[in-house]
Amino acid sequence: MQDLLGATLILLAACSLADVATAAFRVPALLGYLAVGALLGPSVSGVVAPGEALDFLSELGVALLLFMVGLEFSLGHFWLSRKTVLAAGSLQMIAVATPLTLMLMWLGQPVQRAALLSTAAAMSSTALVSRQLADQGELTTRHGRSAIGVLVFQDLASVPLLALLAIWARGESPKIESVLLEVLGVLMLFAAAALASRRLLHGLLGWVARQGHEESFVLVSLCVVVAAAAAAHAVGVSAALGAFLAGMVLGESDFRHHMESHLKPFRDVLSGVFFVTIGLQLDGAQILSAPLAVFAWLAVLVPVKIGLNTLALRAT
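Along each chain, residues carry numbers from 1 onward, in the same order as the chain's sequence is written. With the structure being a predicted model, the display of local features is reserved for residues of pLDDT at least 70 and the display and counting of side-chain atom pairs for 80 or more, all residues being used for whole-chain, interface and lining totals. Here the side-chain values reflect all heavy atoms present in the structure, with hydrogen atoms and water set aside.

Trainee: Summarise the overall build of the protein; cite the residues concerned and give the values.
Mentor: Each helix is a run of DSSP H or I of at least 4 residues and each strand a run of E of at least 2, with the numbering of both proceeding from the N terminus. Scanning the protein from terminus to terminus reveals 14 helices and 0 strands. Listed N to C, the secondary structure of the protein is α-α-α-α-α-α-α-α-α-α-α-α-α-α in terms of helices and strands. Taking 20 Å as the expected radius of gyration for a compact globule of 316 residues, we find that the protein reaches 21 Å, a close match to that expectation. Each principal axis of the C-alpha atoms in the protein carries an extent, and together these give about 65 × 50 × 40 Å. For every residue, the accessible area (1.4 Å probe, protein chains only) is compared with the maximum for its type, and the residue is labelled buried under 20%, exposed over 50%, or partly exposed between those bounds. When burial is assessed residue by residue, the protein has 39% of its 316 residues classed as buried. Residue contacts follow a heavy-atom distance rule, with two residues in contact if any of their heavy atoms lie within 4.5 Å. In the protein, the proportion of contacts linking residues at least 24 apart, taken out of those at least 6 apart, comes to 76%. Residue-level accessible areas treat just the shown protein chains as cover; the underlying method is Shrake-Rupley with a 1.4 Å probe. Carbon and sulfur atoms provide 70% of the accessible area of the protein, an area that totals close to 17500 Å². A distance of 11 Å separates the average location of the 17 positive side-chain charges in the protein from that of its 19 negative side-chain charges. Only C-alpha atoms enter the radius of gyration; for comparison, a globular chain is expected to reach 2.2 Å times N to the power 0.38, where N is the number of residues. Charged-residue counts in this description rest on Lys and Arg as positive and Asp and Glu as negative, His and the chain ends being excluded. A charge is said to be at NZ when it belongs to Lys, at CZ for Arg, at CG for Asp and at CD for Glu.

Following this line, the structure appears as structure tokens:
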């Protein structure tokens, strides 16, 4: 307990200093959180070590972040833009993963490893992008909605990729029909949950809001976020994706702004902890073992990915 309290104190103090410093230099707070995590982590000072407690807090922070992003959308709006999201997401994945796969195969990597690495490189961090868009007030802009739509597509695309990874790890050959059935099952489960929970969640939150007890409203709102995240995790998909779906279900409700104002402090603090824990996991030894290779790949991958993503989104 003492170790956990001490680590929590150090994290909160470091986050506060990072927030003040980034505001003074007018750079994104995310950079400060990541830098603080790297400095406190095992690869630099070793003051704080990653653990289950910090992992839980960080996952809860991401779930809250994606829940509030979902509040900015609605099921109706997302359904109307489904063709654009599907086209942009598919084209973006193909445009980035295909040339990278061919390049890695040319460099001597096996087909499976090249495909897996290239698809991972095509993915982007939903938590990082949504937090940055929220900080800039651009979630509801046209490009903000397009970015979130592509990120949600990527989260859904990770389901068959994780299934393929598990099959390859067992040394088996994947069957397309089994992977497609798993993806279809997850999508049908999500659609059924969205339709079934819409009336239930609207009624529950509406009844609690009418009672006039602010503390009860906050607690029930947090219960909804955790329940949605736990349900998504139980079916084998990202907990944050489940929270995002719950946010979309409640995005059409009359008390959406009420929830945003009450949950925003929790979101800011816990999502900050998440980015610090990402920094804690940075392995400085791996970077120092081959610094030129690391920075060369970054110098190639980042601009190439930006260019290919731009072309894919322009095409849609």
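Following the structure, the description resumes.
Trainee: Describe in detail the packing of helix α3 (residues 52-71) against helix α11 (residues 239-250), supporting the description with residues and values.
Mentor: Between the N-to-C directions of two axes lies an angle of 0 to 180 degrees, each axis being a line fitted to C-alpha atoms and, for a helix, fitted only over the stretch in contact. Contact geometry for α3 and α11: axes closest at 7 Å, N-to-C directions at 30°. In this view, α3 runs roughly parallel relative to α11, as classed from their interaxial angle. The chirality of how α3 crosses α11 is right-handed. On the side of α3, the interface is formed by V62, A63, L66, F67, V69, G70 and L71, while α11 contributes A240, A243, F244, A246, G247, M248 and L250. For classification purposes, angles smaller than 35 degrees are called roughly parallel, those larger than 145 roughly antiparallel, those between 65 and 115 roughly perpendicular, and all remaining angles oblique. Put simply, a crossing is left-handed when the front helix is turned counterclockwise from the back one by less than a right angle, and right-handed when it is turned clockwise.

Trainee: Please set out a nonpolar patch on the surface residue by residue, giving values where relevant.
Mentor: A patch consists of residues whose relative accessible area exceeds 30% and which take part in no salt bridge; residues with like charges are grouped when within 9 Å of each other, and nonpolar side chains (Val, Leu, Ile, Met, Phe, Trp, Tyr) when within 5 Å. Each reported salt bridge corresponds to a side-chain nitrogen of Lys or Arg within 4 Å of a carboxyl oxygen of Asp or Glu. There is a patch of nonpolar side chains on the surface, built from M103, W106, L107, W297, V300 and V304 and spanning about 610 Å² of accessible area. Of the residues forming the nonpolar patch, the biggest block, 3 residues, is contributed by helix α14 (residues 291-315).

Trainee: Give me the lowdown on unusual backbone geometry, citing residues and values where you can.
Mentor: Of note in the backbone geometry, R26 takes a positive phi value of approximately 55° without being a glycine. Mapped onto the elements, R26 comes out in the loop between α1 (2-25) and α2 (29-40).

Trainee: Tell me about the packing of aromatic side chains, and name the residues and values.
Mentor: Aromatic pairing here means that ring centres of Phe, Tyr or Trp (its six-membered ring) are within 6.5 Å. Orientation follows from the plane angle: under 30 degrees is stacked, over 60 is edge-to-face, and everything else is tilted. Throughout the structure, instances matching the rule amount to 1 aromatic pair. For the pair F274 and F275, a centre-to-centre distance of 5.1 Å together with 70° between the ring planes defines the contact as edge-to-face. In terms of burial, F274 and F275 fall into one category: buried.

Trainee: I'd like a rundown of the pattern of salt bridges, residues and numbers included.
Mentor: Taken as a whole and assessed by the stated rule, the structure comprises 4 salt bridges. For D135, the salt bridge is made with R131, and the minimal N-O distance between the two is 3.1 Å. Linking D135 with R131, this pair stays in helix α7 (residues 126-135), spanning 4 residues, or about one helical turn. The class of R131 is buried, set by a relative accessible area of 5%. Note that K264 and D268 form a salt bridge whose closest N and O atoms lie 3.0 Å from each other. Of the two residues, K264 and D268 both sit in helix α12 (residues 256-280), 4 residues apart, roughly one turn of that helix.

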